[in-house]
Amino acid sequence: MSNVITAKNLTLSYEEDGEVIKNATLTIKKGDFVFITGPSGSGKSTLLKSFYGNLQPKGGSLVIGGLDMIDIKKSKLQELRTHLGIVFQDYKLVNEWTVEKNVVLPLWISGYSEEVQSTQARRLLHHVKLSGKENKYPLELSGGEQQRVGVARALAKNPFLILADEPTGNLDEFSSNVIWDLMENACQQLDTTVVVVTHKIPMVFNIPYRHFTIDEKGSVYEVH
Amino acid sequence: MKFIKRHISLIFPLVAILLGLEFFIVFDRTTDSYEKSLSSNYSIMVVANDEMSIDDFKELDNHILGVKELPKPKALDIIYNTKNKNLDIAIPNFYEIKLDNLLGIKALAKVKDNLLESKSIKRIETFRSTYKSQYELFTFIKFSFGTFIFFMSVIGFFLIVKQMEVWNFMHAQRMKVMEIFGASLFLRSKVLISMAVVDAIISSILTSSMFVSLQNMWISDTQMEILKEHVSDVFLFSDFFILLFASIVVVLIAVFLVVINVKAE
């Protein structure tokens, strides 16, 4: 199986906080389901940010989908991002757009026809149990529903890699279960690699997974 | 209402800038014509012992545009025509000299000095005091108007900067999300660009309409001869395209600055 993420001695830092991740070495293969856990402030979200190119590594190497993330060109990064599905704890939906427009954002960016966008939106909203809410606006939905829209958006273009930052952090059990089911299915049926940053691994999880943890010093270990 | 509110906040400063620009264009065009008429109505009187050609004068000063020899006074002509050899009268030649443009007071004095360098020239009359009052009034009006236009443009500029802050607040979230999902700079700014271009077109039409009304209604009733004489110069059809081009350039720069300052989280 090919590597989707390869990090060697990866060091990540912020100007104001100094080094957050130190010498992290990890390899994530196609079809892996990975949990990254660790205490608050340990650098879980920082590591995830570097995976979608929002933080330049300070040292070491990082290769995502075959692309070297050190000194990656802007156009290449844009291209890479169109093949990623990203889920945020605070949803990051566009409030002035309808649910449908939010879901099809990755397809719209890639220039898919309106017909394809519309069909895909209906299919995904059915999967996330939000059929009939296509024309609602995010602020008219509950937190759980908004996050399901966020997950539907992440799955819209069948990405090769899903990166999720605390996707169920603030959600009720129903919404959390819907989201875990969707991610498990994407991983099992589409062979999508899923990397989830979370405080707590769900009690019931139906597929094999790998587990990395980050300690308070910013070191990354595989524990499972 | 929301639509009007959203657009008026950009249209207002844009119209202020475009009014400044159009006032500048109109003022420049009108004063240029006025300056030419002042210049063409002004002449220097030169009294010379010998006959002089235009080339002789041009050699003395390059601001000299034309020379007209004035008829000698009739009485002197009669004496001259008697050909009485006993009358050893040297009748001078009188010349009216036109200058190439409306010169400043110092430049005019310099022209006089240059002409006096010729041994043939006896006397020069520049009508300095009349010229000075006309010239100073003209430069004062020009300066006052220029200052007004400058401040109008500065106010317009600051209102645009304020509008950029509003845009940043309103559109940053959408642009950040789009950037995370790989949208290009053009896609991210498409909404802002189309909105800003519409506002630029509306602003250009509004400003042009103001000047067309000014041209057709107010100027025909005014007592200001300078404007009445050049009423057709107040607004030309081509001005609309200048305004449109300028407003589009301003909004595109503003949009671009907003978009590049939005960073994905």
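Residues numbered from 1 in each chain as written. Chains lettered and ligands numbered in written order. Predicted model: local features only at pLDDT ≥ 70, side-chain atom pairs only at ≥ 80, totals over all residues. Heavy atoms only, no water.

S.K.: Residues and numbers for the domain arrangement of chain A, please.
M.R.: All names here are of chain A. As far as domains go, chain A holds domain 1 (1–83 + 161–224) and domain 2 (90–158). Each of domain 1 and domain 2 was reduced to a C-alpha centroid, and the two centroids are 23 Å apart. Across the boundary between the two partners, domain 1 contributes 15 residues, which contact 15 residues of domain 2. Of the roughly 1,100 Å² buried between domain 1 and domain 2, counting both surfaces, carbon and sulfur atoms make up 73%. The largest share of the area that domain 1 buries against domain 2 comes from Thr82, Val178 and Leu182, three residues that together contribute 37% of it. Counting across the domain 1 and domain 2 interface gives 0 salt bridges. For the pair domain 1 and domain 2, the number of links is 3 residue pairs in polar contact (both at pLDDT 80 or more). The biggest single contributor to the side of domain 1 that touches domain 2 is helix α7 (residues 173–190), with 8 residues. (Domains from an automatic or database assignment. Contact = heavy atoms within 4.5 Å. Buried area = accessible area lost by both parts, 1.4 Å probe. Salt bridge = Lys/Arg side-chain N within 4 Å of Asp/Glu carboxyl O. Polar contact = N/O pair within 3.5 Å; in protein donor to acceptor, adjacent residues only side chain to side chain. Helix = DSSP H or I, 4+ residues; strand = E, 2+ residues; numbered from the N terminus.)

S.K.: Provide a residue-level description of the interface of chain B and chain A, including the pertinent values.
M.R.: Residue-level contacts link 16 residues of chain B with 20 residues of chain A. Carbon and sulfur atoms make up 61% of the surface buried where chain B meets chain A, a total of about 1,700 Å² over both sides. On inspection of chain B and its partner chain A, the count reaches 1 salt bridge. For Arg174(B), the salt bridge goes to Glu96(A), with nearest N and O atoms at 3.3 Å. Where chain B touches chain A, the interface holds 3 residue pairs in polar contact (both at pLDDT 80 or more). Those elements giving two or more residues to the side of chain B that touches chain A turn out to be α5 (128–180) and α6 (185–221) of chain B. By residue number, the principal contributor to the side of chain B that touches chain A is α5(B), which donates 7 residues.

S.K.: Lay out a nonpolar patch on the surface with the relevant residues and their values.
M.R.: Residues and elements named next belong to chain B. Among the surface-exposed residues, Leu185, Phe245, Val249, Ile253, Phe256, Leu257 and Ile260 lie close enough to one another that they form a single nonpolar patch of about 600 Å² accessible area. Ranked by the residues each element gives to the nonpolar patch, the list is headed by helix α9 (residues 237–261), at 6 residues. You can see Ile253 is positioned in helix α9. (Patch = residues over 30% accessible without salt bridge, like charges linked within 9 Å, V, L, I, M, F, W, Y side chains within 5 Å. Areas by Shrake-Rupley, 256 points an atom, 1.4 Å probe, with all protein chains shown as cover.)

S.K.: Lay out the side chain of Asp61(B) with the relevant residues and their values.
M.R.: Residues and elements named next belong to chain B. When you line up the elements, Asp61 lands in the loop between α2 (54–60) and β2 (64–70). Buried charge Asp61 goes without a salt bridge, the closest partner of opposite sign being Lys110 at 6.7 Å. Side-chain polar atoms of Asp61 contact the backbone nitrogen of His63, separated by 2.8 Å. Setting aside residues no more than four positions away along its own chain, Asp61 makes contact with Lys110, Val111 and Asn114. (Buried < 20%, exposed > 50% of the residue type's maximum accessible area, 1.4 Å probe, protein only. Lys, Arg positive; Asp, Glu negative; His and termini not counted.)

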